[in-house]
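Overview (structure and organization)
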Amino acid sequence: MKKLRLLLCSPYSLDSENRNGVNKINFNILHHLMADYEISVLSPEGEVDDYIASNCNVTMMPTIIKNVTLPMKIAAMFSLYSRDEYIFKKLSKSIASYINKRFESFDIIHLSSFQLSPVLPYLSLDALNKVVFFPIDSKVKHEQSKYFEAKGFEKLYSYFLFSKAKLCTRLVYSLTKNICFVSPLDANSIASMVPNSTVHFIPNGVETDHNFQYAAKLSNNSSVSICFHGDMLYPPNKKALEALLVHWPNIKSENPEQCTLKLIGKGSEKYTDYEQGILGMGFVDNIYSELSTSTIYVSLIETGAGIKNKLLDAMSVGLPILATKSSAEGITYAYEDHEYILVESKCAQSIVSGVSRLLKREEERLFFKNNGINCVKTNYSWKAISTKYSDYYHRIFYR
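Notes on the structure in this doc start here. None of these values were measured; they are calculated from a predicted model. (Residues numbered from 1 in each chain as written. Predicted model: local features only at pLDDT ≥ 70, side-chain atom pairs only at ≥ 80, totals over all residues. Heavy atoms only, no water.)

**Points about the overall build of the chain**
When you go through the chain residue by residue, the secondary structure sums to 16 helices and 13 strands. Here the chain has a C-alpha radius of gyration of 22 Å; the compact-globule value for 399 residues is 21 Å, and the two agree. Structurally, the chain occupies a C-alpha span of about 65 × 50 × 35 Å along its principal axes. Burial status across the chain gives 55% buried among its 399 residues. Nonlocal contacts in the chain, meaning residues at least 24 apart in sequence, comprise 64% of its contacts between residues at least 6 apart. Accessible surface for the chain amounts to roughly 18200 Å². Of this, 51% is attributable to carbon and sulfur atoms. (Helix = DSSP H or I, 4+ residues; strand = E, 2+ residues; numbered from the N terminus. Rg over C-alpha atoms; globule rule 2.2 N^0.38 Å. Buried < 20%, exposed > 50% of the residue type's maximum accessible area, 1.4 Å probe, protein only. Contact = heavy atoms within 4.5 Å. Areas by Shrake-Rupley, 256 points an atom, 1.4 Å probe, with all protein chains shown as cover.)

**Considerations on the packing of aromatic side chains**
According to the stated counting rule, one finds 14 aromatic pairs in the structure shown. Ring centres of Y12 and F88 lie 5.7 Å apart, and the angle between their planes is 85°; this geometry places the pair in the edge-to-face category. Within this pair, whereas Y12 is found in the loop between β1 (4-9) and α1 (21-33), its partner F88 is found in the loop between α4 (83-86) and α5 (89-102), the two being separated by 76 residues in sequence. Given the relative accessible area of 16%, Y12 is considered buried. Residue class for F88 comes out buried when judged on its relative accessible area of 4%. Sitting above the plane of the Y147 ring, K155 keeps its charged end 4.3 Å from the centroid. A cation over an aromatic ring shows up here: K166 above the ring of F162, its NZ or CZ 4.3 Å from the ring centre. (Phe/Tyr/Trp six-rings, centres within 6.5 Å; stacked < 30°, edge-to-face > 60°. Lys NZ or Arg CZ within 6 Å of the ring centre and 35° of its normal.)

**Some remarks on the pairing of β1**
Consecutive residues of a regular strand have side chains that alternate between opposite faces of the sheet. Across the 6 residues that make up β1, a large majority, 5, are buried. Inspection of the sheet shows β1 paired to strand β2 (residues 37-44) by 6 bridges, in the parallel sense. Of the residues in β2, the one forming a bridge with L4 is Y37. Read from β1 through α1 to β2, the crossover connection turns out right-handed. Note that β1 and strand β4 (residues 108-111) share 4 bridges and pair parallel. Within β4, the position partnered with C9 by the bridge is L111. (Pairing = 2+ DSSP bridges. Right-handed = clockwise from strand over helix to strand, strands pointing away.)

**Thoughts on the side chain of S316**
Structurally, S316 is set in helix α12 (residues 309-316). Take S316: its relative accessible area is 5%, and that puts it in the buried class. Separated by 2.7 Å, the side chain of S316 and the backbone oxygen of D313 make a polar contact. Leave out the neighbours within four places in its chain, and S316 touches V206, E207, H210, F212, Y288, I373 and V376. (Polar contact = N/O pair within 3.5 Å; in protein donor to acceptor, adjacent residues only side chain to side chain.)

Below, the structure written as structure tokens:
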């Protein structure tokens, strides 16, 4: 079987896999596909990981993404696109121009984020036939979840964004025949809006070969830490954190005095309060090390779309998890009371009792540790996920 020629287009320079979720996916599938594909990468100017630069043909576009200004926000509001797509519109034009001139040199053209949806209207029909569009998460599902949560004037604005997301899906996403998300829920949310496209899903992966594992046995003098991680500037994460902070006094009062709330990720520093036992660590180099030395993971996500990588991260080290229904959405092979304990974000009793239950029962902590590790190793390792990508590419090319 011949090596397929893959062009992967990214809205971000591939400098670090920890930069964001898009880079996390791109880094890992590229590393696993290099041996079997001729890979070219198209991205904005910036630093590029040495291993990718050595093994892929990297082309950098000169377009600079500027900071989002108020006029840009207003213009985005009245455009077909979301703000996150609108700010990449200039880059999208450059990417489309590059593809239209060279599409015959590639077998598969992978647009790797919803931010690149503005590329689609600028592509020729011949180029579109080779495109696989990976929005990752569904804007429709994301805006719908925000609309259901909103109240008052905010609900009207949320409905406007929800309607705009549906319109963009019908008019723009439908231009390509191949669309792929990270969860079946995201795929199902738009399937009826793009009847002439095939909507597929391939889940996110997680690192499973690291050496960090949660110690289910707690010594009598062990400090207890409740952990949550993510970009705290991202609204769904910020809202989940605020809910956790509301419940924190009750959690702390029911548990040892040395109980600490450990927050990890960009923007978490400002929540540090030593008197209340809250530690905002900011960005860390190795998330798995910090997770494995925590005691319990709590995710109170209520809005959003896609797969919540935070739960996959926690499962990969065997950390016992308390999670809302929205936190676990899209993780098809994880089940309530097997990989996590289900809680309600607004119910203090369910959260406090869940924490106390895990702290008191070593055998239950060990149960969730083993189930979480086995689940991600079997279903969510990057090797397994990259194989799904490869199978998908071949199915499209040889159909």
